[in-house]
Amino acid sequence: MDKESKSYFSKNKNSKIFGLTLIVFAVIILLSIISYLIFFRADQSLAIGGWEQIKKVDYYKTQNWINKIGLFIGYFFVDVLFGVFSICIPIVLLLYGINFAFQRRVFGFFSTFRNAILLIILGSSFFALWQNIFNSIHVPLGGGFGYYLAGKEGVLYPLIGFIGVFLLWVLVTLASFIWLFDFDFTKLFNFKEEFNKIKKQSKQDQKSNLENFDEELPAKHYDTLFEQDHIQIEPETEVQDSMEMDIISVHDATEENDIESTFEVIMPHEEMISNFDENPLIEIEFNEDNIIEDADEHQQERFENLPPYDPRKELSNYQFPSIELMANHGHGKTIIDKEQLDLNKNQIIRTLNDFNITITSIRATVGPTVTLYEITPSPGIRISKIKSLEDDIALSLAALGIRIIAPIPGKGTIGIEVPNLHKQIVSMKSVIQSEKFQNSNMELPLALGKNISNEVFVADLAKMPHLLMAGATGKGKSVGINSILVSLLYKKHPAELKFVLVDPKKVELSIYSTIEKHYLAKLPNEEDAIITDVKKVVNTLNSLCIEMDDRYDLLKKAQVRNIKEYNEKFISRKLSPLNGHRFLPYFVLIIDEFADLIMTAGKEVELPIARLAQLARAIGIHLIVATQRPSVNVITGLIKANFPARISFAVSSSIDSKTILDTKGAEQLIGQGDMLLSLGSEIVRLQCAFIDTPEVDAIGRHIGQQQSYSSAYDLPEYYGEDDIPMLKFDKKDIDELFKDAAREIVLSQMGSISLIQRKLSIGHNRAGRIIDQLEAFGVVGPNKGSKPREVYFKSLDELERHLETLN
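Residues numbered from 1 in each chain as written. Predicted model: local features only at pLDDT ≥ 70, side-chain atom pairs only at ≥ 80, totals over all residues. Heavy atoms only, no water.

Draft legend 1. Representation of the overall build of the protein chain in the model. Of the regular secondary structure elements, the protein chain holds 33 helices and 15 strands. Taking all contacts inside the protein chain whose residues are at least 6 apart in sequence as the whole, residues at least 24 apart take part in 68%. Split by element, the accessible area of the protein chain, about 39600 Å² in all, is 55% carbon and sulfur. (Helix = DSSP H or I, 4+ residues; strand = E, 2+ residues; numbered from the N terminus. Contact = heavy atoms within 4.5 Å. Areas by Shrake-Rupley, 256 points an atom, 1.4 Å probe, with all protein chains shown as cover.)

Rendered as structure tokens:
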């Protein structure tokens, strides 16, 4: 809606009176023109001299329905101005009057005026042109304006003649079609097929108009949703900036016939709000639960009949990164050196024979980094005796990183892992484009690398459900974090996944700042989405705990057990947004250097992480915690107990290996991405996929250049005891709905952003600002996490006296 119409709508009563006045005048002009055209032969002679002659005419002589005034109006509009097409003028005034009188943007102001002007110019000139040939028609179809342009005594006809004027008219008409409708001339040659497409599209549009109002976005995008529903309640500036193209396209649709079906959907909800606004002082006992139950009764059937909710619709044009953004590292083929294999096999057999250990068979499996030799000992040979020969076998093979697996789980063999002389680099590109990753149906697939059998290894973070990573400096830990992030970026849409990145070192994760508005989540009013300050880390962790509690409340109301069931129920329209339900994206919290946080914040960090690790798996919040110092004072028992999935890169001692994996072996790893993955009782040796920094940067830039949300995803507000903000109240910045929101809160005795959103039909950001103003003005208390704020006024009388101080 343009600025002029907004200013009229803000004056509620004046706007309605102005609208009704426009309607009356439009009807008078319309009836005058129609009756003048009907009784043209009798009335034209009476009006030919203008108003001076009309005043002298007896009122009973004219047949115009509006009498003398009507006769003059008809003569002026039809004879003097635009002929038959003068009828467009009262129609436009009538549409404007409906807009103002009913306080609804039923028709676009600019588009209606623009289309009417074009129609009048083209229509009047066309009729005037053809009336040059058909002189028997006495009604001035083109009016004075048309004859001035295309009449025989006009401007153009004497210069270029009939054919020239006609061709010029055709040119202007086609140019108007192209300008207004982006008309494609190729459709003229395939008319039948295009007609069927248009017919099918019109049916889909009717469904999508119903769908637009009911689709629930994440809380921070409510303002964009209401803009698209044409409610036009002061859209957020930040949303307008980033969503400009979407808003323009939606408004174009609004100015056609789509808007009628959209407003049929939202009218029941608007009526409920307007009825309450007209009687703000009636004392009624409001109960939020009752309102929700009523909404269920009246709206549930309508929601279930709608098409499934599409969480990707707001960024429907989002394109996942191309595989070509990544480079090929290495040749991608495993080099098998048969001579080296035979030499190692003979050395192993000889060493075992030296200690009187015989075997019945031996076979080798060549992997990207190590080769696994599986031996089957003869009957009566003790496994512990073979395991004690680890150092002796390493000495005989002159190799570092020998690891004995005794026995191999699920097999009756003992494994001896020997590093390859020629190590293979596992490229992230080869892992991402593998069928195992592309065809996986996992919720959060992690492409970690390749196993000892040279097979791509993909794990599901949602089933882990949290991951603990450790490794000495320079052994591949940061590359491992990048491979996890990139694999999720290649699989999950921004609407389905949000990252919370904690980077105390300030340089490891900063490369992901380009995807802030697509994938990252942060505290409200924070500048940087990548958290580097320890105090902000504590607040963010506690904010995630609030989000966890809120999500469990939603799961309880929906009577489901986990986020997958909840989202399936929401997508199938079994959960109504009017009841507070929303689509829940997955959250992945990544902490790059956990030891530094423990050293500086201690229990303030450990307790919320432990709480999230214990409870958050069911509601889609997953943790990935990395550290280069896996000591017991960093990875405590409370942390380890809730992280069943652990990754260890090469560490310096067996003590560190036992701390992270509860067993030895990580100290024997050879670095450069060589790692052990522990999934409960099973330990798998993997070669981590390698992705270089320029590749990550290219992927980030590809995502960042696309259409995005207005800002990063806002986590719930949380303030520590020492940093509760002192809110300032400025009368100049007070919201127009401030007083209405205050009355709603006092009536319901519950101060919350969601209540203001639902009662006043506004977005999350605007409701948040209003609740801050109410807190600063002394109507509600400070934020209490997931609990409603305290309301300081118990009756509307007390509130009204307090509101009088604003004047």
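Back to the text.
Draft legend 2. Region of the structure containing the sheet that holds strand β1 (residues 359-366). Pairing in this open sheet of four strands is antiparallel, and the strands run β1-β2-β4-β3 from one edge to the other. Each edge of the open sheet is held by one strand with a lone partner, namely β1 and β3 (403-405). Averaged over neighbouring strand pairs, the angle between their axes works out to 20° when direction is ignored. Bridge count for strand β2 (residues 370-377) against strand β4 (residues 414-419) is six bridges, and the pairing is antiparallel. Residue pairing for β4: Y373 is matched across the bridge by I416. (Pairing = 2+ DSSP bridges. Axes fitted to C-alpha atoms, helices over the stretch in contact; angles between N-to-C directions.)

Draft legend 3. Here's a closer look at the packing of aromatic side chains. Per the counting criterion, the structure on display carries 17 aromatic pairs. Taken together, a centroid distance of 6.1 Å and an interplanar angle of 45° make the contact between Y309 and F583 tilted. One end of the pair, Y309, is in the loop between α15 (288-305) and α16 (338-354); the other, F583, is in the loop between α24 (563-571) and β10 (586-591), with 274 residues separating them in the sequence. Since its relative accessible area comes to 7%, F583 is described here as buried. Both rings, one in Y318 and one in F320, keep their centres 5.3 Å apart while their planes meet at 80°; by these two values the pair is edge-to-face. Residue classification places Y318 among the buried residues on the basis of a relative accessible area of 9%. Among the residues examined, F320 registers a relative accessible area of 27% and is labelled partly exposed. Among the aromatic residues, ring-to-ring pairing joins F85, F126, F127, F162, F166 and W169 into one connected group. (Phe/Tyr/Trp six-rings, centres within 6.5 Å; stacked < 30°, edge-to-face > 60°. Buried < 20%, exposed > 50% of the residue type's maximum accessible area, 1.4 Å probe, protein only.)

Draft legend 4. Representation of the packing of helix α23 (residues 534-558) against helix α25 (residues 594-601). Following both chains from N to C, one finds α23 and α25 inclined at 100°, their axes separated by 10 Å at the closest point. As the angle between them shows, α23 and α25 are arranged roughly perpendicular. Along the contact surface, α23 presents V534, V537 and V538, while α25 presents L597, T600 and A601. Taken together, the residues that form the contact of α23 with α25 break down as five nonpolar, one polar and no charged. (Parallel < 35°, antiparallel > 145°, perpendicular 65-115°, else oblique. Nonpolar A, V, L, I, M, F, W, Y, C, P; charged D, E, K, R; others polar.)

Draft legend 5. Structural view of helix α26 (residues 603-615). Between its first and last C-alpha, α26 extends 18 Å over 13 residues, near the 18 Å set by a 1.5 Å rise per residue. What α26 keeps buried is the set V605, E606, P608, I609, A610, L612 and A613. Among the structural elements, α23, β10, α25, β11 (621-627) and α27 (637-641) are those in contact with the buried residues of α26. (Expected span 1.5 Å × (residues − 1).)

Draft legend 6. Local environment of unusual backbone geometry. Residue P407 is bonded to the preceding A406 through a cis peptide linkage, with omega at -10°. Relative to the assigned elements, P407 resides in the loop between β3 and β4. Of note, the amide linkage connecting M464 to P465 takes the cis form, showing an omega dihedral of -5°. Considering the arrangement of structural elements, one finds P465 in the loop between β6 (456-460) and β7 (467-470). With a phi close to 70°, K506 is a non-glycine residue in the positive phi region. Mapped onto the fold, K506 is located in the loop between β8 (497-502) and α22 (516-519). Note on K506: relative accessible area 54%, which makes it exposed. A positive phi angle is found at R573, which is not glycine, with a value near 70°.

Draft legend 7. How the structure looks around the environment of S654. With respect to the helices and strands, S654 occurs in helix α28 (residues 654-661). For the pair S654 and E667, spaced 13 residues apart in sequence, the C-alpha separation works out to 5.6 Å. If near-sequence neighbours (up to four positions away) are discounted, S654 is found in contact with K664 and E667.

Draft legend 8. Structural view of the pattern of salt bridges. The tally for this structure, following the rule as stated, stands at 24 salt bridges. In this structure, E324 engages K429 in a salt bridge whose closest nitrogen and oxygen atoms are separated by 3.7 Å. Of the two residues, E324 sits in the loop between α15 and α16 while K429 sits in helix α19 (residues 428-432), which places them 105 residues apart along the sequence. Using a relative accessible area of 10% as the deciding quantity, one classes K429 as buried. Across the salt bridge formed by R743 and D740, the nearest N and O atoms sit 3.3 Å from each other. Linking R743 with D740, this pair stays in helix α30 (residues 738-748), spanning three residues, or about one helical turn. You can call R743 buried: its relative accessible area is 15%. The exposure class of D740 is partly exposed, given its relative accessible area of 25%. Each of R403, E417, D674 and R685 takes part in salt bridges that share partners, so that together they form one network. (Salt bridge = Lys/Arg side-chain N within 4 Å of Asp/Glu carboxyl O.)

Draft legend 9. View of helix α6 (residues 88-101). Along its 14 residues, α6 runs 20 Å from first to last C-alpha, staying within 8% of the 20 Å computed at 1.5 Å per residue. Restricting attention to buried positions, one finds in α6 the residues C88, P90, V92, L95, Y96, G97, N99, F100 and A101.

Draft legend 10. Region of interest: the nonpolar core. Grouped together as the largest cluster of nonpolar side chains are 114 residues, with contacts concentrated most on L448, F499 and Y512. The element best represented in this core is α23, accounting for nine residues. Beyond its immediate sequence surroundings of up to four residues, F499 is in contact with L485, L488, L489, Y519, L520, A521, V588 and I590. Ranked by size, the runner-up nonpolar core spans 24 residues in total, among them I762, A767, V791 and L806. (Core = buried A, V, L, I, M, F, W, Y, C linked by side-chain atoms within 4.5 Å.)

Draft legend 11. Representation of the sheet that holds β11 in the model. Taken in spatial order, the nine strands make up an open sheet running β6-β5-β14-β13-β12-β7-β11-β10-β8, and their pairing is mixed. The open sheet has two edge strands with one neighbour each: β6 and β8. Shown here is a sheet whose adjacent strand axes are inclined to one another by a mean of 25°, direction ignored. Both strand β5 (residues 445-451) and strand β14 (residues 682-688) contribute to a ladder of three bridges, which runs antiparallel. From the neighbouring strand, N451 faces β14, where its bridge partner is L686. Against the sheet, α28 makes contact with β7, β12 (645-648) and β13 (674-679), and its axis sits at roughly 155° relative to β12, the strand it touches most.

Draft legend 12. Structural view of the pairing of β5. Of all seven residues in β5, seven are buried, a share of seventy percent or more. Of the strand pairs in this sheet, β5 and β6 are connected by five bridges, and their pairing is antiparallel. Each residue of the ladder has a partner; that of G449, found in β6, is F457.

These figures come from the coordinates and say nothing about function on their own.
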